[in-house]
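# Summary of the model geometry
Now for the letters of each chain:
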Amino acid sequence: MAVTLPDGAVRRYRAGVTAADIASDISKSLGKAALACTIDDRLSDLSTPIGGDARLAIVTAKDPAALELIRHDCAHIMARAVQELWPDTKVTIGPVIENGWYYDFDRSEPFTPDDLGLIEARMREIIAVRDPVRTEVWDRDRAIRHYEATGENYKVELVEAIPEADPVRMYWHGPWQDLCRGPHLAHTGQVPPDAFKLTSIAGAYWRGDSRRPMLQRIYGVAFRTRADLDAYLHQLEEAAKRDHRKLGREMDLYHFQAEAVGSVFWHPNGYVIWRALEAYIRRQLDADGYVEVKTPQLLDSQLWRLSGHWGKFRENMFVVPDEIPSVEDEDADPILSGEADLMALKPMNCPAHVQIFRQGTKSYRDLPIRMAEFGCCHRNEAHGSLHGLLRVRQMTQDDAHIFCREDQIAAETKRFLDLFGRVYGHMGLTKISYKLATRPDVRAGDDATWDRAEEALADALGAAGIEFDYALGEGAFYGPKLEFHLTDAIGRTWQAGTFQLDYVLPERLDAAYVGEDGAKHRPVMLHRAVFGTFERFIGLLVEHYAGKLPLWLAPRQVVVAPIVSDANAYAAEVVAALKAAGIRAEADLRNEKITYKVREHSLAKVPLILAVGAREVEGRSVSVRRLGETASTSLPLAEAVAAFAAEATPPDLHPPS
RNA sequence: GCCGCUGUAGCUCAGCUGGUAGAGCAACGCAUUCGUAAUGCGUGGGUCGGGGGUUCGAGUCCCUUCAGCGGCACCA
């Protein structure tokens, strides 16, 4: 049979030869360097027999595919190490993930951080003995009997879940056996012993199902070389410095406290950012044909029952009885009858917006109506899900609902994508991932409607030239949605903007317009948000810029710092001039050295520090030091004020250049 | 909500096997007027997350509860 190599060379072997044989045949060094192979572009074990004509490439450490193999073998070696150290541990699954792998174990005793060191040491021993990796395809019943005999009930479940048509493949790393699809390295010694690290222990539900047992997950990272690992660990340290929770404290933006878990206390600095964003997005909405409304915070539970949210999200709503509680004395708890009507803090604005739409009679000529609200919503999120500004219980969305006819969906989608792109461009956010979330299993509406809706969104994205991934089955129960995700400092992605098609709510809440034909029709509702919520968006902006916000968003834009107290009066004059030009400026008149002031305001991420000493007083100038730069430049005062005023102008208000 | 870890001054942290709280920075006071990332000296500040227990004695041990952190689950 003929084996074609990547360089086009054809070699002849008898059938049944393995890639390992061929690698050694090509050269002794290649035989040693070989980690795995691709047979007709499919990544395979070196030990795989080649049955007929094939294209073959040998995978070595230099190959991108090598990294995944290393990580996958790390998972197996770690599981072996754990079972050798604690034989009563049951194994489950251990996939490769970004930068590394994890493996889920069932063990009565919790793993401790110290255990990670023990496991790593044992892993290095396993690597050092260079145990061969081999594989066999087993009969399904044999595999089940084997795992029943060894008490590995999770593996039994996994074998049973393998489709009948697929092989049940077993791997051995030395004496240790695991069910696995493969492929793997040729022996354990091919894992670089100094380029991996176990990073954390966490809980995880078996099969991702919160009704099933909680397992212990150990995470690890692995690279080709020690240098790569070190670089990764360094990057993690750097990322921790831009965490919005740390920067929020350092920049004095906001705080949380136990009396209002998950709700933000915005400090003056943080609220400056909020107000700048709100003013900005309001200008965008005004220019884009939206109307703005304000709706009640508390609404009767009847409305939430009608909308369907009561049934699906009741446990995540803050519900309050509509009654005046009586109180025996000052210290006694209020007495509630338990019979009052229930109200709920709104978890979303849509039903309220439908109520406004329903006032009066709407004509097809009125559509589309784009109804915006900076709506403050409350959701009683599980405590474990809260995360700084990125996941809160009280949030303000830059929400809007577009009521339109079905034939207007395409144009409205395009219009929104334009708005979205413009805003994120202004914000300097370029790393956006787009997802099209499609029909979930449990859903309202017929398939033909879903087909049309999903297609409309995909077409709009295509027309806008936007690349996107499908998130299959992740749409809302009432319609498909586009999700716009941003990445935080350490690579976690968070949904910011959203755009959703909804055919259901107008029906449930009886929204209607009179069509050209004089009959009543249901409008389509488009739910959309650009920022998502102010809370999350500000958190992501802070992380994106590592606190060094563009001037127009910086809470404290300029600090004027006199070098000698003789310059105090001039500093006050400079501040007054800056303020008159609309710049957020303050003087730092404290009796401290200029180096001290520079350090302190730099740490607080103030973009511009203006030092003024005798020379500046004399020349009516300022010495400008920009955050992140060490050099300073001298500018005449009037020139500096004009330049900063221009730079601090929000991006949408810049005169066209 | 689930698993694990953590909770000591405004911040960052120390406090060994239980003997009755400590540092640096910050704050305040005084001195210093010093040209681009920490001037010196001095002073004040803590119910050791809350509650309960064991003990002659608890920041240290146990129980419980709350919050934060890392995951998982959830996310209209």
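See above for the structure.
What this report covers is the structure whose coordinates are included nearby. (Residues numbered from 1 in each chain as written. Chains lettered and ligands numbered in written order. Predicted model: local features only at pLDDT ≥ 70, side-chain atom pairs only at ≥ 80, totals over all residues. Heavy atoms only, no water.)

### Considering the overall build of chain A
In terms of helices and strands, chain A carries 20 helices and 36 strands. The principal-axis extents of the C-alpha atoms in chain A amount to approximately 85 × 75 × 65 Å. In chain A, which comprises 657 residues, the proportion classed as buried is 49%. In chain A, 67% of the contacts between residues at least 6 apart in sequence involve partners at least 24 apart. Approximately 31700 Å² of chain A is accessible, and the part contributed by carbon and sulfur atoms is 51%. Here chain A contributes 78 positively and 96 negatively charged side chains, and the mean placements of these two sets differ by 4 Å. (Helix = DSSP H or I, 4+ residues; strand = E, 2+ residues; numbered from the N terminus. Buried < 20%, exposed > 50% of the residue type's maximum accessible area, 1.4 Å probe, protein only. Contact = heavy atoms within 4.5 Å. Areas by Shrake-Rupley, 256 points an atom, 1.4 Å probe, with all protein chains shown as cover. Lys, Arg positive; Asp, Glu negative; His and termini not counted. Charge placed at Lys NZ, Arg CZ, Asp CG, Glu CD.)

### Description of the protein's contact with RNA strand B
Taken together, 53 residues lie near RNA strand B, and Met348, Asn591, Arg599, Ser623 and Arg625 sit nearest. Counting only atoms of RNA strand B within 4 Å of the protein, the sugar-phosphate share comes to 48%. Taking Arg249, its side chain carries an N or O atom lying 3.2 Å from a phosphate oxygen of RNA strand B. At 3.2 Å from a phosphate oxygen of RNA strand B is found a side-chain nitrogen or oxygen belonging to Lys481. Elements supplying a minimum of two residues to the surface near RNA strand B: strand S14 (196-205), strand S15 (214-222), helix H8 (244-250), helix H11 (309-313), helix H18 (594-603), helix H19 (614-619) and strand S35 (621-626). Ranked by residues supplied to the surface near RNA strand B, first place goes to H18 with 7 residues. Class assignment for the residues of the surface near RNA strand B results in 21 nonpolar, 18 polar and 14 charged. (Near = heavy atom within 4 Å. Polar contact = N/O pair within 3.5 Å; in protein donor to acceptor, adjacent residues only side chain to side chain. Nonpolar A, V, L, I, M, F, W, Y, C, P; charged D, E, K, R; others polar.)

### Brief notes about the environment of Gly308
Residue position: Gly308 is located in the loop between helix H10 (301-307) and H11. The class of Gly308 is buried, set by a relative accessible area of 14%. Remark: the alpha-carbon pair of Gly308 and Leu505, spanning 197 residues in sequence, is separated by 8.4 Å.

### As for helix H7 (residues 226-241)
Between the first and last C-alpha of H7 there are 23 Å, a value that for 16 residues agrees with the 22 Å anticipated at 1.5 Å per step. Residues of H7 that are buried: Leu229, Tyr232 and Ala239. Buried residues of H7 fall within an arc of 80° about the axis and therefore sit on the same side. Exposed residues pointing more than 90 degrees away from the buried face of H7 are listed as Ala227 and Glu237. Contacts from the buried residues of H7 go to S14 and S15. (Expected span 1.5 Å × (residues − 1). Arc of directions from axis to C-beta.)

### Some remarks on the packing of aromatic side chains
Aromatic ring pairs are defined here through the distance separating the ring centres and the angle between the ring planes. In total, this model carries 27 aromatic pairs according to the counting rule given. Seen from their ring centres, Tyr154 and Trp206 are 4.9 Å apart, and the 75° between their planes marks the pair as edge-to-face. Residue Tyr154 is found in helix H6 (residues 153-161), and its partner Trp206 is found in the loop between S14 and S15; the two are separated by 52 residues along the sequence. With respect to class, Tyr154 is no different from Trp206; both count as buried. The ring of Phe223 carries Arg71 above its face, with NZ or CZ at 5.1 Å from the centroid. Here the basic side chain of Arg217 rests over the ring of Tyr102, its NZ or CZ set 3.6 Å away from the ring centre. (Phe/Tyr/Trp six-rings, centres within 6.5 Å; stacked < 30°, edge-to-face > 60°. Lys NZ or Arg CZ within 6 Å of the ring centre and 35° of its normal.)

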